[in-house]
Amino acid sequence: MTIENKAGPVDNQHSKQSVLFTLPYTAVHITGGFWAGYQQTNRDVSLVHGFAMLEEAGNLRNMRIAAGLEIGEFAGYLFADSDIYKWLEAVGWELGRRADAALQKMADETITLIEQTQRDDGYLDSYFQIAAPQKRWTDLDHGHELYCAGHLIQAAIAWQRAVDDARLLRVALKFVDHIEALFGRNGRAETCGHPEIETALVELYRLTGDKRHLELAQLFIDRRGRNTMRGHAGYGAVYQQDHVPVREAVEVAGHAVRQLYLTTGVTDLYMESGEQALLDALHCLWADMTERKLFLTGGVGSRFDGEAFGGPYELPSDTCYCETCAAIASLMWNWRMLLVTGQRQYADLFERTLYNGVLSSPGLDGACYLYVNPLQVRNGRYVRASADTGTGEERLRPAWHNCACCPPNVMRLLASLSHYLATVNATGIQIHQFAAAQLAFAVQGEPAQIHMQTDYPWDGRVSLTVTESGALPWSLSLRIPEWCAAAAVSLNGRDIPSPLAANGYLTVTRSWQAGDVLQLDLPLEPTFTVPNPRIDALRGCVALQRGPLVYCFESRDQPDEVNLLDVQLLTEEPLSVTAVSLLGGIRTISVPGRMITSDWQNSLYRPLTKPTQMTSRQVQLTAVPYFAWGNRGMESMRVWVPQATQ
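One structure accompanies this document, and this report is about it.

Parameters and conventions
Residues numbered from 1 in each chain as written. Predicted model: local features only at pLDDT ≥ 70, side-chain atom pairs only at ≥ 80, totals over all residues. Heavy atoms only, no water. Pairing = 2+ DSSP bridges. Helix = DSSP H or I, 4+ residues; strand = E, 2+ residues; numbered from the N terminus. Contact = heavy atoms within 4.5 Å. Axes fitted to C-alpha atoms, helices over the stretch in contact; angles between N-to-C directions. Expected span 1.5 Å × (residues − 1). Buried < 20%, exposed > 50% of the residue type's maximum accessible area, 1.4 Å probe, protein only. Phe/Tyr/Trp six-rings, centres within 6.5 Å; stacked < 30°, edge-to-face > 60°. Lys NZ or Arg CZ within 6 Å of the ring centre and 35° of its normal. Disulfide = S-S within 2.5 Å. Parallel < 35°, antiparallel > 145°, perpendicular 65-115°, else oblique. Left-handed = near helix turned anticlockwise from the far one by under 90°. Nonpolar A, V, L, I, M, F, W, Y, C, P; charged D, E, K, R; others polar. Salt bridge = Lys/Arg side-chain N within 4 Å of Asp/Glu carboxyl O.

**Re the sheet that holds strand β12 (residues 505-510)**
Moving on, step 1. Pairing is mixed in the open sheet, where 5 strands are placed in the order β1-β4-β5-β9-β12. Edge positions in the open sheet fall to β1 (21-22) and β12, since each of these has one partner strand only.
Moving on, step 2. Alignment of strand β4 (residues 422-425) against strand β5 (residues 428-431), held across 4 bridges, turns out to be antiparallel. Bridging from a neighbouring strand, Asn425 pairs with Gly428 of β5.
Moving on, step 3. Where helix α13 (residues 344-358) meets the sheet, it contacts β9 (474-479) and β12, and its direction lies at approximately 50 degrees from that of β9.

Following this line, the structure appears as structure tokens:
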């Protein structure tokens, strides 16, 4: 395999504070299996669909109007440009994997349009250029100008790194010069109400080496926490994380996407500056999120109100928000924390969120998406699949959304997914996520290659064949997931001891030869999970997991007379796993349960002294992976189910 030394979404090769380092973008190729299917659908269906939706929704027409090519009024939310930029970023990473004439043509048209839309002074925002030209930079709390600029920067970086195309980079640099003149060290001491530009500016610094970009990122971070932003939806400055300075923050709060885009940017800044106070705050925030405010799926955001984090243990299954963009923001943050620390917990949460909190959004056809990802639905009613659903009833994932931030976010993640499989350091390579893939890297200047084969997440066997190696010894490290109680490892067919290091990885160091095979076996037995008793919405319930996958129960898979509100799970009975062609080829789990019939049907409350008349009978229930729910219509679904009492 020939690789070029061009980075992917994060390039920390020269960062001051990292223990693991990202590989060049073309160093890892997903070659088959589970994720290759998703990448193929993303390429063949989703990106084409996204371009059509950007046209239909008016995003591209906004640009044409702002460029003076058409006459009309602005359409959509004022941050509509950001959806174009995320789509372009996705196309850039995809073309970096393999050329595609049709996608190239769509992207060329869009990039040319952006070039035509940019003003001579560098300014670029179609909403303000069309609807409010006199109000540029007058509402940083809610105007999203810097947020849109951040996504433009990330798209520009993707095109420069993946396909060596500098057109968007020239646009982005011109816009950043304009922004720096206004908000630099001697400019207006303000910051954006929606964090995003911070992480983009740090990555731009990594690309250009221009310290002004890093300094501007730090200024925007340092200016947050002055308690002056106006907030939204009943929230004050906490909605925009402006209630406390970053270094003093001890809990995740406010709008979930904003919070996690901010922590992502702060982690990037720490990697470059090494300021300990930033890392200390990040550890506090991560602990608060994972110990008190995280859904089983990796989703975050308990409240529709403000798309926000709730209080500790406020984790309702039915009214949760769990926005797709918040899950992707969590991936971005956890990836950077992994690079900084090398600790398994961040790769574990990345995996949980990827397979469950993110993958529940795109439909299996690649042309529809959930914005909100609930863990319980009652008969398809009151499903807010979007931020703005008119009827509250959805029967399928929507093809697009009025606020369409999530679909192109999913597209850019899937296009660049290979970036997140592995890292290197001075001693060798670390495998964080398991997928059929080809990996090329260098250790102490000597080239090496590994072919990873697996049917993960359906099968827990992962085989790594060394296909090239130099003479010097090097280390191959494998993450042993936290959910795995007993991993087994063999080298060239012989079992070997598998002690875990303190960071949760198993490492084999040797002088590797072409043909060496390291095999990891992770038992994928279904297991039940119980919630913290302080989560009152889940008390008495259990959830089902198999490996990295959270499972759920959909009403359509159960016997006709079964109502999911009236079932209990028999957790002491055996479970059976079956491979089926359903939903693109999944593993279902058969779960013994009880169907309860009682005399509660005509009342909500009764005196404690009045006995309940209740009968039960055993039923066999079927669970499917949570990520696949809703692809056959949205009826009843639940992840957490009451546990039967013995």
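Next comes the rest of the account.
**A closer look at helix α7 (residues 167-183)**
Moving on, step 1. Over its 17 residues, α7 runs 25 Å from end to end, which matches the ideal 24 Å to within 8%, given 1.5 Å per residue.
Moving on, step 2. Every buried residue of α7 is accounted for by Arg167, Leu168, Leu169, Val171, Ala172, Phe175, Val176, His178, Ile179 and Phe183.
Moving on, step 3. If you follow the buried residues of α7, they end up packed against α3 (81-97), α4 (101-117), α6 (145-163), α8 (197-208) and α9 (211-222).

**Focus on the sheet that holds strand β7 (residues 446-454)**
Moving on, step 1. Judged by pairing direction, the sheet is antiparallel, and its 7 strands sit side by side in the order β2-β6-β7-β8-β13-β10-β11 without closing on themselves. The two strands at the open ends of the sheet, each matched to only one other strand, are β2 (28-32) and β11 (494-495).
Moving on, step 2. Bridge analysis of strand β8 (residues 461-468) against strand β13 (residues 517-521) gives 5 bridges, and the strand direction is antiparallel. Its bridge partner lying in β13, Arg461 is registered against Asp521.
Moving on, step 3. Sitting on the sheet, helix α1 (residues 33-56) is in contact with β2 and β6 (436-443), with an inclination near 100 degrees to β2.

**Considering the pairing of strand β15 (residues 541-546)**
Each regular strand shows side chains that alternate between the opposite faces of the sheet.
Moving on, step 1. The buried count for β15 comes to 6 of 6 residues, which makes it a mostly enclosed element.
Moving on, step 2. Here β15 shows a buried face lined by Cys541, Ala543 and Gln545 and a second buried face lined by Val542, Leu544 and Arg546.
Moving on, step 3. Bridge analysis of strand β14 (residues 526-529) against β15 gives 4 bridges, and the strand direction is antiparallel. Directly across from Pro526, in β15, lies its bridge partner Arg546.

**Observations regarding helix α12 (residues 324-341)**
Moving on, step 1. Along its 18 residues, α12 runs 26 Å from first to last C-alpha, staying within 8% of the 26 Å computed at 1.5 Å per residue.
Moving on, step 2. Just beyond α12, the residue with positive phi is Gly342, at close to 75 degrees.

**Notes on the packing of aromatic side chains**
Moving on, step 1. Under the defined criterion, the tally for this structure stands at 30 aromatic pairs.
Moving on, step 2. Each ring, one from Trp35 and one from Tyr38, has its centre 5.6 Å from the other, and the planes form 50 degrees; the classification is tilted. With Trp35 and Tyr38 both in helix α1 and 3 residues apart, the pair spans about one turn of that helix.
Moving on, step 3. Residue classification places Trp35 among the buried positions, given a relative accessible area of 4%.
Moving on, step 4. Measuring from centroid to centroid gives 5.9 Å for Tyr123 and Phe175, while their planes differ by 75 degrees, and the two rings are edge-to-face. Of the two residues, Tyr123 is situated in the loop between α4 and α5 (126-130) and Phe175 in helix α7; the sequence distance between them amounts to 52 residues.
Moving on, step 5. Looking at Phe175, the relative accessible area reads 1%, which means it is buried.
Moving on, step 6. Through pairs of rings, three or more aromatic residues link up here, namely Phe34, Trp35, Tyr38, Tyr355, Phe434, Tyr456, Trp458 and Phe627.
Moving on, step 7. The ring of Tyr123 has Arg136 lying over it, and the distance from NZ or CZ to the ring centre is 4.0 Å.

**Notes on the state of the cysteines**
Moving on, step 1. Counting across every chain of the model gives 0 disulfides.
Moving on, step 2. Free cysteine: Cys320, not disulfide-bonded; nearest cysteine sulfur from Cys322 at 3.9 Å.

**What about the side chain of Thr110?**
Moving on, step 1. Within the secondary structure, Thr110 sits in helix α4.
Moving on, step 2. Judged by its relative accessible area of 3%, Thr110 falls in the buried class.
Moving on, step 3. If we ignore the near neighbours within four places in the chain, the residues touching Thr110 are Phe51, Leu60, Ile84, Trp87 and Leu88.

**Focus on the pairing of β6**
Moving on, step 1. Across the 8 residues that make up β6, a large majority, 7, are buried.
Moving on, step 2. Judged from the 4 bridges that link them, β2 and β6 form a sheet pairing that is antiparallel. Bridge pairing in β6 links Gly32 to Ala436.
Moving on, step 3. Taken together, the 7 bridges between β6 and β7 define a ladder with antiparallel strand orientation. Paired with Leu439 across the bridge in β7 is Ile450.

**What to know about unusual backbone geometry**
Moving on, step 1. Here the residue pair Tyr456 and Pro457 is connected by a cis peptide bond, since its omega of 10 degrees sits within 30 degrees of zero.
Moving on, step 2. Here the phi dihedral of Trp137 falls at roughly 60 degrees; this positive angle occurs in a residue that is not glycine.
Moving on, step 3. Its location among the elements puts Trp137 in the loop between α5 and α6.
Moving on, step 4. The buried category is assigned to Trp137, whose relative accessible area is 5%.

**Digging into the packing of helix α2 (residues 59-66) against α4**
Moving on, step 1. At a minimum axis distance of 8 Å, the contact between α2 and α4 shows a crossing angle of 40 degrees. As far as their axial angle goes, α4 and α2 are oblique. α4 is crossed by α2, and the crossing has left-handed handedness. In this structure, α2 uses Leu60, Met63, Arg64 and Ala66 to contact α4, whose residues at the interface are Thr110, Leu113, Ile114 and Thr117.
Moving on, step 2. Taken together, the residues of the contact of α2 with α4 sort by class into 5 nonpolar, 2 polar and 1 charged.

**Focus on the pattern of salt bridges**
Moving on, step 1. Applying the stated criterion across every chain, the model contains 43 salt bridges.
Moving on, step 2. Note that Asp121 is salt-bridged to Arg136, the shortest N-O span being 2.8 Å. Here Asp121 is found in the loop between α4 and α5, whereas its partner Arg136 is found in the loop between α5 and α6, with 15 residues between them in sequence.
Moving on, step 3. When its relative accessible area of 26% is taken as the criterion, Arg136 is described as partly exposed.
Moving on, step 4. Glu272 is the partner of Arg206 in a salt bridge, and the nearest nitrogen-oxygen pair spans 2.8 Å. Note that Arg206 is positioned in helix α8 and Glu272 in helix α10 (residues 256-273), a separation of 66 residues in sequence. In this structure, Arg206 and Glu272 share a single accessibility class: buried.
Moving on, step 5. Connected through shared salt-bridge partners, Arg161, Glu203, Arg206, Asp268, Glu272 and Arg336 make up one network.

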